[in-house]
Every structure is written in C-alpha cells, then in structure tokens.
Amino acid sequence: MDGEFTVFEYLYRDAGNFKTAGRLRLSGQDPTAEAIIRGCLEWSDQFVAEQIGVPALCREHWESVGEGPSDLDHAYHEFVRLRPAEADDLRLPLWGTLATMLARMRGAVGRWDVTLSPNCDL
C-alpha cells in the first residue's frame, strides 16, 4: 500500500441545512473500508468528530455563515464518502492511516458521545 492514499470526505451540516465540507488524506486503501465506516455511524452517516480525532468543522462553518454558535448547531458531523486520492489531494496534510480511522470508528460504534462536542450545550 506504499504511496496509496484515501480521502475521507465529511461535512458539518447545521439544522438549517447550511454545510461546510472537509477532507482528510489517509495513507492506505481498502475497498471494504467505506462499508465498515458506515456500519459504525449513527444513521449510517453521522459521527462525533471530536471523539475520533477528526478536525471539527464548526468554527469554519460559523465563519462561513457569518455567525457563531446558534440553536441550529448540534454535535454531529456527516460522513460523505471515501475515495482514492487524486493529485490535488496530495497537498492535504496526512491525517494518519486508513487503518487508524477504521479502528477509531470501530471503537466508537454504538456509543457516540455528543458531550465531547462544544455544541452539546447549545
């Protein structure tokens, strides 16, 4: 798997349906990884970014919509997909390995802790 990278695409979508997208570059590829991840998520696409060490997109989201936290915010981020990295994606900093991502997802399955998000108290 040397030199093979995967991109983890995710977003933060507030209750008003305003979205902010994020991408992480992971080393490694596995054709079964997306199905494994979806099996670990709430409603097959929701996760708490802080719980698995994925950079939360809330601050960027608030900057893009022009306001701070509101009653539209919540603790969950949305998993979009995994895909093989393209040349432009190699500019992204390396987050870690796909295996690490899978291990963190498996560790959280069935017990996503919304209290780890700063949006939990809103």
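Residues numbered from 1 in each chain as written. Predicted model: local features only at pLDDT ≥ 70, side-chain atom pairs only at ≥ 80, totals over all residues. Heavy atoms only, no water.

Visitor: So what exactly am I meant to see when it comes to the packing of aromatic side chains here?
Guide: Centre distance and the angle of the planes are the two values used to describe a pair of aromatic rings. Overall, the coordinates contain 6 aromatic pairs when judged by the stated rule. Where Phe8 meets Tyr10, the ring centres are 5.5 Å apart and the plane angle is 50°; that geometry is what we call tilted. Each member of the pair, Phe8 as well as Tyr10, is classed as buried. (Phe/Tyr/Trp six-rings, centres within 6.5 Å; stacked < 30°, edge-to-face > 60°. Buried < 20%, exposed > 50% of the residue type's maximum accessible area, 1.4 Å probe, protein only.)

Visitor: Any chance you could explain the nonpolar core here in plain terms?
Guide: Most often, soluble globular proteins keep nonpolar side chains buried together rather than apart. Of all hydrophobic cores here, the largest spans 26 residues; its most connected members are Phe8, Ile37, Phe47, Met101, Met105 and Trp112. Elements that contribute at least two residues to this core include exactly strand E1 (5–13), strand E2 (19–27), helix H1 (33–40), helix H2 (49–52), helix H3 (58–65), strand E4 (77–84) and helix H4 (98–108). Sorting elements by how many residues they give to this core places H4 first, with 5 residues. Setting aside chain neighbours within four positions, we find Phe8 in contact with Gly22, Arg23, Leu24, Leu26, Ile37, Phe47, Phe79, Arg81, Leu82, Met101 and Met105. (Core = buried A, V, L, I, M, F, W, Y, C linked by side-chain atoms within 4.5 Å. Helix = DSSP H or I, 4+ residues; strand = E, 2+ residues; numbered from the N terminus. Contact = heavy atoms within 4.5 Å.)

Visitor: Would you explain the sheet that holds E1 in this entry?
Guide: The strands that make up a sheet are held in pairs by hydrogen bonds between backbone atoms, and each pair lies either parallel or antiparallel. Taken in spatial order, the 5 strands make up an open sheet running E3-E4-E1-E2-E5, and their pairing is mixed. For this open sheet the edge positions go to strand E3 (46–47) and strand E5 (94–97), each flanked by a neighbour on one side alone. Note that E3 and E4 share 2 bridges and pair antiparallel. Note that in E4 the partner of Phe47 across the bridge is His77. Each of E1 and E4 touches H1; the most contacted strand, E4, lies at about 170° to it. Set on the sheet, H4 makes contact with E1, E2, E3, E4 and E5; between it and E5 the angle comes to about 70°. (Pairing = 2+ DSSP bridges. Axes fitted to C-alpha atoms, helices over the stretch in contact; angles between N-to-C directions.)

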